[in-house]
Amino acid sequence: MDIQNTQIENFSDSHKAGFVTLLGKPNSGKSTLMNALVGEKLSIITAKAQTTRHRIMGILSGEDYQIVYSDTPGIIEPHYELHKRMMRFVDKALEDTDVLLFVTDIAEKHDEDDAINLILTQKAKNKGLTLIILINKIDLADEQTVKDKILYWQEKLNPEEIIPLSALHGFNLDAVLERVLQYLPLSPPYFPKDTLTNQSERFFVREIIREKIFLGYAQEIPYCTEVTVLTFEDTPDIVRILTEIHVERKSQKGILIGKGGEKIKQIGIAARKDLETFFGKHVYLEQHVRVAPDWRKKSGKLSNFGY
Ligand SMILES: Nc1nc2c(ncn2[C@@H]2O[C@H](COP(=O)(O)OP(=O)(O)O)[C@@H](O)[C@H]2O)c(=O)[nH]1
Ligand SMILES: [Mg+2]
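Rules used in this analysis
Residues numbered from 1 in each chain as written. Chains lettered and ligands numbered in written order. Predicted model: local features only at pLDDT ≥ 70, side-chain atom pairs only at ≥ 80, totals over all residues. Heavy atoms only, no water. Pairing = 2+ DSSP bridges. Helix = DSSP H or I, 4+ residues; strand = E, 2+ residues; numbered from the N terminus. Axes fitted to C-alpha atoms, helices over the stretch in contact; angles between N-to-C directions. Contact = heavy atoms within 4.5 Å. Donors = N, O, S within 2.8 Å, 3.2 Å for Na, K, Ca; no water. Buried < 20%, exposed > 50% of the residue type's maximum accessible area, 1.4 Å probe, protein only. Domains from an automatic or database assignment. Buried area = accessible area lost by both parts, 1.4 Å probe. Salt bridge = Lys/Arg side-chain N within 4 Å of Asp/Glu carboxyl O. Near = heavy atom within 4 Å. Polar contact = N/O pair within 3.5 Å; in protein donor to acceptor, adjacent residues only side chain to side chain. Areas by Shrake-Rupley, 256 points an atom, 1.4 Å probe, with all protein chains shown as cover. Nonpolar A, V, L, I, M, F, W, Y, C, P; charged D, E, K, R; others polar. Phe/Tyr/Trp six-rings, centres within 6.5 Å; stacked < 30°, edge-to-face > 60°. Lys NZ or Arg CZ within 6 Å of the ring centre and 35° of its normal. Right-handed = clockwise from strand over helix to strand, strands pointing away.

### Some points on the sheet that holds strand β6 (residues 161-164)
- The 6 strands lie next to each other as β2-β3-β1-β4-β5-β6, forming an open sheet whose pairing is mixed. Only two strands of the sheet have a single partner each, and these edge strands are β2 (56-61) and β6. Strand-to-strand, the axes of this sheet are offset by a mean angle of 20 degrees, without reference to chain direction.
- When strand β5 (residues 130-136) meets β6, the two strands line up parallel, connected through 4 bridges. In the sheet register, isoleucine 132 faces β6, and the bridge partner there is glutamate 161.
- Packing of helix α3 (residues 113-125) onto the sheet brings it into contact with β1 (16-23), β4 (99-105) and β5, and relative to β4 it is tilted by some 165 degrees.

Following this line, the structure appears as structure tokens:
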């Protein structure tokens with residue numbers, strides 16, 4: 001997939017463009033939704049919370065519009081320096097938002113006050129901000145529950161729109177597009193029309209490997225793991241990638257590698273398959289596991305890792 005390009009285009013006075021941020025608690029379905037809206041798998045999705053650690057843009061361009069979606073990390077109470085950096089990506093995305101999509105899980109039982117407060121603060125700061133509440137995962141609920149939730153959110157945040165939907169099953173996504181377009185300001189495009197994202201190919205290599213780690217290991221390992229790309233060589237018929245996987249302790253390195261290297265090999269096989277789809281050619285992938293003690297707490301390390 002070609003993710004970046006620099007072609008310059010003409011646009012008309014009626015052209016609309018703007019920044020649309022997806023915000024919500026972990027696991028509400030933000031990444032699933034952005035991928036569905038953009039029609040590309042840009043954000044990694046797992047059943048575990050806090051999979052997304054960065055702001056990832058997904059850009060959808062039509063002839064007379066350009067929607068710059070931002071997928072963000074779920075709103076959490078920061079426990080590590082890493083979490084603080086993740087929440088900074090959320091704040092950064094909010095700064096230039098035209099339309100805020102608050103994604104909430106219909107079955108959410110946890111406290112959403114921190115998300116609500118963030119939205120209220122943002123609305124106070126930016127009077128022109130449009131708030132659309134998306135009640136996700138309605139495939140898991142009955143009609144009455146959906147109606148009750150709509151009333152609840154209407155009361156709580158008085159948004160411009162409330163749309164019940166299912167990101168996973170693609171239900172009511174056209175309503176989202178329609179509403180977003182309605183509220184998008186007149187503006188020339190911010191990016192060339194064939195740009196898909198702000199992130200680099202190297203970033204997606206890291207994310208694809210991280211996804212396999214989130215899917216391949218139980219609780220602890222995914223959260224203490226970071227992936228970096230040491231070398232990336234794109235040739236006409238093969239992409240050669242050398243990566244490092246960083247964990248916080250020696251014991252985690254052992255778990256990650258597995259007996260006789262079997263676990264890490266499986267991660268490599270699964271990641272390579274996705275990478276080949278992503279790049280549309282053969283991929284040679286090499287992975288080295290390193291210990292970076294307590295990297296989630298260390299400013300310098302986090303900066304090196306791109307946070
Ligand atoms: N049943 C159901 N599950 C969903 C829906 N949207 C997302 N999910 C699941 O919810 C989990 C978290 O999704 P993800 O997009 O990673 O959430 P994020 O943390 O907000 O980015 C994944 O297991 C998704 O498959 C939906 O509409 N219905
Ligand atoms: Mg996510």
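Text resumes after the structure shown.
### Topic: the coordination of the magnesium ion (ligand 2)
- Bound to the magnesium ion (ligand 2) are the protein donor atoms Ser31 (OG) and Thr52 (OG1), situated 2.1 to 2.2 Å from the metal. With a gap of 21 residues between them, serine 31 in helix α1 (residues 30-38) and threonine 52 in the loop between α1 and β2 connect regions that are remote in the sequence.
- In this structure serine 31 comes out as buried when scored by relative accessible area, which is 8%.
- On the basis of relative accessibility, which here comes to 8%, the residue threonine 52 falls in the buried class.

### Some points on the domain arrangement of the protein chain
- Annotation of the protein chain at the domain level lists domain 1 (16-183) and domain 2 (201-304).
- With centres defined by C-alpha atoms, the gap from domain 1 to domain 2 works out at 28 Å.
- Taken residue by residue, the interface counts 16 residues in domain 1 and 22 residues in domain 2.
- Between domain 1 and domain 2, the buried area comes to about 1,800 Å², and carbon and sulfur atoms account for 57% of it.
- By the criterion of area lost to domain 2, the three top residues of domain 1 are Ile44, Lys48 and Arg53, representing 34% of everything that side buries.
- At the junction of domain 1 and domain 2, the tally comes to 2 salt bridges.

### Some details on the environment of glutamine 182
- When you line up the elements, glutamine 182 lands in helix α5 (residues 173-183).
- Residue glutamine 182 is classed as partly exposed on the basis of its relative accessible area, which comes to 42%.
- In this structure the C-alpha to C-alpha distance between glutamine 182 and lysine 16, which are 166 residues apart in sequence, comes to 9.4 Å.
- In this view, glutamine 182 contacts Lys16 and Glu161; residues no more than four positions away in its chain are not counted.

### A look at the site of ligand 1
- As a structural note, the neighbourhood of ligand 1 is formed by 17 residues, with Asn27, Gly29, Lys30, Thr32 and Asp139 the closest of them.
- Separating an oxygen atom of ligand 1 from a side-chain N or O atom of threonine 32 is a distance of 2.6 Å.
- One nitrogen or oxygen atom from the side chain of serine 166 is found 2.9 Å from an oxygen atom belonging to ligand 1.
- For ligand 1, the accessible surface in isolation is 580 Å², of which the surrounding protein chains cover 87%.
- Among the residues making up the shell around ligand 1, the classes are represented as 6 nonpolar, 8 polar and 3 charged.

### Things to note about the packing of aromatic side chains
- Enumeration according to the criterion identifies 10 aromatic pairs in this entry.
- Look at tryptophan 295 and phenylalanine 305: their rings are 5.5 Å apart centre to centre, the planes differ by 70 degrees, and that puts the pair in the edge-to-face class. Of this pair, tryptophan 295 sits in the loop between β9 (282-291) and α10 (299-304) while phenylalanine 305 sits in the segment after α10, placing them 10 residues apart in sequence. Residues tryptophan 295 and phenylalanine 305 agree in their burial class; the two are buried.
- Through a chain of ring-to-ring contacts, the aromatic side chains of Phe203, Phe204, Phe232, Phe278 and Phe279 assemble into a single cluster.
- Geometry around tyrosine 80 places arginine 296 over its ring, the cationic atom sitting 4.2 Å from the centre.

### Quick look at the pairing of β4
- Most of β4 is tucked away: 7 of the 7 residues are buried.
- Alternating positions in β4 separate into two faces, Val99, Leu101, Val103 and Asp105 on one and Leu100, Phe102 and Thr104 on the other, with burial throughout.
- Pairing of β1 with β4 involves 4 bridges; the strand directions are parallel. Counted as the bridge partner of valine 20 is valine 99 from β4.
- When β4 meets β5, the two strands line up parallel, connected through 7 bridges. Bridge pairing in β5 places valine 103 opposite leucine 134.
- Taken together, β4, α3 and β5 constitute a β-α-β crossover, and its handedness is right-handed.

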